[in-house]
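Survey of secondary and tertiary structure
These are the residues of each chain, in order.
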Amino acid sequence: MQFANPQEARDFLERHPDVRSIELMLIDANGIPRGKLLHRDELLAIYENGRPLPSSILSLTIQGEDVEESGLVWEVADADCWTYPLPGSLTLQPWRTVPTGQLQVSMHPTQGLPATPGDPRHVLARTIDALKADGYHPVMAVELEFYLLDKQRDANGRPQPAVQMNGVRPQAPQVYGVYELEQMQPFLDDLYAACEVQGLPVRTAISEYAPGQLELTLEHRFDALQAVDEGVRYKRLVKGVANKHGLQACFMAKPFGDLAGSGMHMHVSLADAEGNNLMASEDPYGTPLLRHAIGGMMATLNDALAIFCPNANSFRRFQANSYAPLAKSWGVNNRTVSFRVPGGPANSRHVEHRICGADANPYLAAAAILAGIHKGIREQIDPGAAIVGNGYEQARETLPTDWLTALRNLQSSNWAREALGEDFLKVFLAIKWAEYRQFMGEVGEQDWRWYLSHA
């Protein structure tokens with residue numbers, strides 16, 4: 001694990017004498033940034049000596065409650081565990097009303113114990129290292145869909161899309177509508193400007209398949225860990241810029257039962273050490289390496305589904321003809337399948353993984369994807385024939401569509417214990433079972449499946 005040089009802090013403080021506070025954030029198992037707001041005088045010491053955070057910070061439910069079964073709370077006395085800054089993560093938060101910095105930290109491999117195994121970034125780093133050891137350098141990009149909502153609910157207490165510049169609240173999907181993007185110009189202008197300040201490679205903006213739903217693409221990176229770091233920071237930025245505009249950026253997988261869900265599509269290819277795409281092929285169906293990678297992702301999909309879809313709400317997204325895939329399927333230039341090989345020139349050949357909801361933790365999702373790819377390559381797993389045409393009508397093996405089955409599959413998976421780490425999986429499952437029990441207590445056993453389909 002590489003940490004930042006203290007000179008980075010000295011340079012930042014010299015360039016920004018008006019910054020008085022720095023948001024220090026660590027990403028937890030649910031992908032939520034947690035940390036503290038620090039005074040500028042504390043910054044350099046973090047680079048030189050690290051910053052302790054309680055072990056319980058990596059044992060929290062999505063609502064921020066301790067999970068004792070994680071082993072990171074009372075039995076370790078909620079011990080201080082040392083974190084250190086990640087290189088290049090010290091930047092400004094342009095959406096703040098006063099100049100404020102932002103710094104991402106991660107647990108130190110030894111000084112961060114006993115919490116280190118619960119750090120999701122470490123899980124991804126190990127997975128990348130394992131691929132590199134076999135000569136494969138993962139290249140990735142993260143695409144996140146989200147809704148831009150009013151902070152105020154409607155008369156029935158339901159969330160509602162944000163009012164546009166023209167004073168109209170959108171009602172129709174207007175997918176790919178350029179006028180709809182124009183109506184969000186103040187928000188988008190600030191978002192692009194903030195991304196430029198933070199060095200995030202945001203590119204195309206798209207009006208997605210629901211009123212108020214957007215997607216902005218991030219450039220792919222040869223360094224997969226950098227790509228996912230940027231995806232995590234982008235999500236934090238979107239929420240911050242939306243808040244500045246009096247709006248809410250919603251990354252739930254399915255905030256509206258009758259509208260499109262929000263996914264996190266992850267694009268991945270494998271390169272050699274010089275950056276040459278090992279999946280490059282004039283054949284649109286790709287190389288054997290590409291097909292084995294898909295085969296591995298298909299073979300591990302059920303085991304990893306609770307990583308890709310980590311909440312009860314996640315499973316509401318799986319509906320036919322909704323652009324959310326329902327089966328273990330792949331195809332070329334086909335948005336009805338789970339693993340899509342986009343069109344394009346030979347040197348751009350890669351796979352788009354379309355399973356994850358926007359609520360998934362990008363570090364864990366990427367780790368599970370890459371571990372599945374590694375298995376497929378090592379075992380030369382054949383993904384079967386590609387789907388041509390409507391994948392919803394040709395589904396051969398559908399995915400589990402409930403949270404309980406997904407959690408049980410993950411818990412019993414030998415592959416997941418090896419790929420993600422037994423110590424991490426213990427923490428993650430403890431958190432998810434605690435959330436599941438809380439959810440069951442709210443809706444009741446007999447109403448649970450109905451709730452997932454209709455709520």
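Calculation notes
Residues numbered from 1 in each chain as written. Predicted model: local features only at pLDDT ≥ 70, side-chain atom pairs only at ≥ 80, totals over all residues. Heavy atoms only, no water. Helix = DSSP H or I, 4+ residues; strand = E, 2+ residues; numbered from the N terminus. Rg over C-alpha atoms; globule rule 2.2 N^0.38 Å. Buried < 20%, exposed > 50% of the residue type's maximum accessible area, 1.4 Å probe, protein only. Contact = heavy atoms within 4.5 Å. Areas by Shrake-Rupley, 256 points an atom, 1.4 Å probe, with all protein chains shown as cover. Axes fitted to C-alpha atoms, helices over the stretch in contact; angles between N-to-C directions. Parallel < 35°, antiparallel > 145°, perpendicular 65-115°, else oblique. Left-handed = near helix turned anticlockwise from the far one by under 90°. Nonpolar A, V, L, I, M, F, W, Y, C, P; charged D, E, K, R; others polar. Domains from an automatic or database assignment. Buried area = accessible area lost by both parts, 1.4 Å probe. Salt bridge = Lys/Arg side-chain N within 4 Å of Asp/Glu carboxyl O. Polar contact = N/O pair within 3.5 Å; in protein donor to acceptor, adjacent residues only side chain to side chain. Expected span 1.5 Å × (residues − 1). pLDDT = per-residue confidence, 0-100. Disulfide = S-S within 2.5 Å. Patch = residues over 30% accessible without salt bridge, like charges linked within 9 Å, V, L, I, M, F, W, Y side chains within 5 Å. Arc of directions from axis to C-beta.

1. Some words on the overall build of the protein chain
- Counting its regular elements, the protein chain contains 13 helices and 14 strands.
- A globule of 455 residues ought to have a C-alpha radius of gyration of about 23 Å, and the protein chain, at 21 Å, matches this closely.
- Its C-alpha atoms give the protein chain principal-axis dimensions of about 60 × 55 × 50 Å.
- When the 455 residues of the protein chain are sorted by exposure, 59% land in the buried category.
- For the protein chain, the share of sequence-separated contacts (at least 6 apart) that also reach a separation of at least 24 residues comes to 72%.
- Entry remark: accessible area of the protein chain is about 18,500 Å², with carbon and sulfur atoms responsible for 48%.

2. Re the packing of helix 6 (residues 224-244) against helix 9 (residues 362-379)
- Relative to each other, helix 6 and helix 9 sit at 150°, their axes nearing to 9 Å. Comparing the axis directions of helix 6 and helix 9 gives the class roughly antiparallel. As for the relative orientation of helix 6 and helix 9, their crossing is right-handed in sense. In this structure, helix 6 contributes Leu225, Val228, Asp229 and Val232 to the contact, and helix 9 contributes Pro362, Tyr363 and Ala366.
- The residue makeup of the contact of helix 6 with helix 9, split by class, is six nonpolar, no polar and one charged.

3. Side note on the domain arrangement of the protein chain
- Here the domain parsing of the protein chain yields domain 1 (6-116) and domain 2 (127-440).
- Spacing between the C-alpha centres of domain 1 and domain 2 amounts to 26 Å.
- Listed per partner, the contact involves 31 residues of domain 1 and 26 residues of domain 2.
- Counting each side, the surface lost to burial between domain 1 and domain 2 is near 2,200 Å², with a carbon and sulfur contribution of 57%.
- A per-residue breakdown of the area domain 1 buries against domain 2 is headed by Ala29, Asn30 and Trp95, which together make up 29% of the total.
- On inspection of domain 1 and its partner domain 2, the count reaches two salt bridges.
- Between glutamate 69 and arginine 437 there is a salt bridge, and its shortest N-O distance comes to 3.7 Å.
- One can count 10 residue pairs in polar contact (both at pLDDT 80 or more) joining domain 1 with domain 2.
- Only strand 1 (21-27), strand 5 (91-92) and strand 6 (100-107) provide two or more residues apiece to the side of domain 1 that touches domain 2.

4. Things to note about helix 6
- Helix length check: helix 6, at 21 residues, gives a terminal C-alpha distance of 30 Å against a target of 30 Å (1.5 Å per residue), a fit within 8%.
- With 17 of its 21 residues buried, helix 6 lies for the most part within the structure.
- Its side-chain oxygen placed 3.0 Å from the backbone nitrogen of leucine 225, aspartate 223 serves as the N-cap of helix 6.
- Taken from the residues just after helix 6, glycine 246 is the one with a positive phi, measuring 75°.

5. Remarks on the confidence of the model for the protein chain
- Averaged over the protein chain, the pLDDT score is 92; the fraction of residues at 70 or greater is 96%.
- Contacts of residues 445-455 to residues separated by more than four positions or lying in other chains number 19 contacts, the stretch itself having pLDDT below 50.

6. Quick word on the state of the cysteines
- Within this structure, the stated rule accounts for zero disulfides.
- Summary of cysteine pairing: cysteine 250 is not part of a disulfide, and the nearest cysteine sulfur, belonging to cysteine 309, is at 16 Å.
- A residue is classified by how much of its surface remains accessible, and cysteine 250, at 8% relative accessible area, is buried.
- Cysteine 356 forms no disulfide, and the closest cysteine sulfur to it belongs to cysteine 309, at a distance of 6.8 Å.
- Of the residues examined, cysteine 356 reaches a relative accessible area of 0% and is grouped as buried.

7. Description of a nonpolar patch on the surface
- Together, Val175, Tyr176 and Tyr209 make up a nonpolar patch on the protein surface, roughly 300 Å² of accessible area in all.
- With respect to the secondary-structure elements, valine 175 resides in the loop between strand 7 (137-150) and helix 4 (178-183).
- Under the relative-accessibility criterion, valine 175 is labelled partly exposed at 30%.

8. Observations concerning helix 5 (residues 185-198)
- For helix 5, which comprises 14 residues, the first-to-last C-alpha distance of 20 Å matches the rise-based estimate of 20 Å (1.5 Å per residue) to within 8%.
- Listed as buried for helix 5 are Phe187, Leu188, Leu191, Ala194, Cys195 and Gln198. Each buried residue of helix 5 sits inside an arc of 130° when the element is viewed along its axis, so together they form one side.
- In the stretch just after helix 5, glycine 199 is the one whose phi turns positive, near 75°.

9. Comments concerning the side chain of histidine 265
- Within the element layout of this structure, histidine 265 appears in strand 11 (residues 264-271).
- Separated by 3.3 Å, the side chains of histidine 265 and glutamate 352 make a polar contact.
- Residues within four places of histidine 265 in sequence aside, it is in contact with Ala141, Val142, Glu143, Glu145, Glu215, Arg317, Glu352, His353 and Arg354.

10. Structural notes on the pattern of salt bridges
- Summed over all chains, the structure comprises 17 salt bridges.
- The salt bridge partner of glutamate 23 is arginine 96, with a shortest N-O separation of 2.9 Å. In this pair, glutamate 23 sits in strand 1 while arginine 96 sits in the loop between strand 5 and strand 6, placing the two residues 73 residues apart along the sequence.
- Given the relative accessible area of 12%, glutamate 23 is considered buried.
- The partner of glutamate 219 in a salt bridge is arginine 203, and the shortest N-O contact between them spans 3.4 Å. Taken together, the positions of glutamate 219 in the loop between strand 9 (213-218) and helix 6 and arginine 203 in strand 8 (residues 202-207) put the pair 16 residues apart, joining distant regions of the chain.

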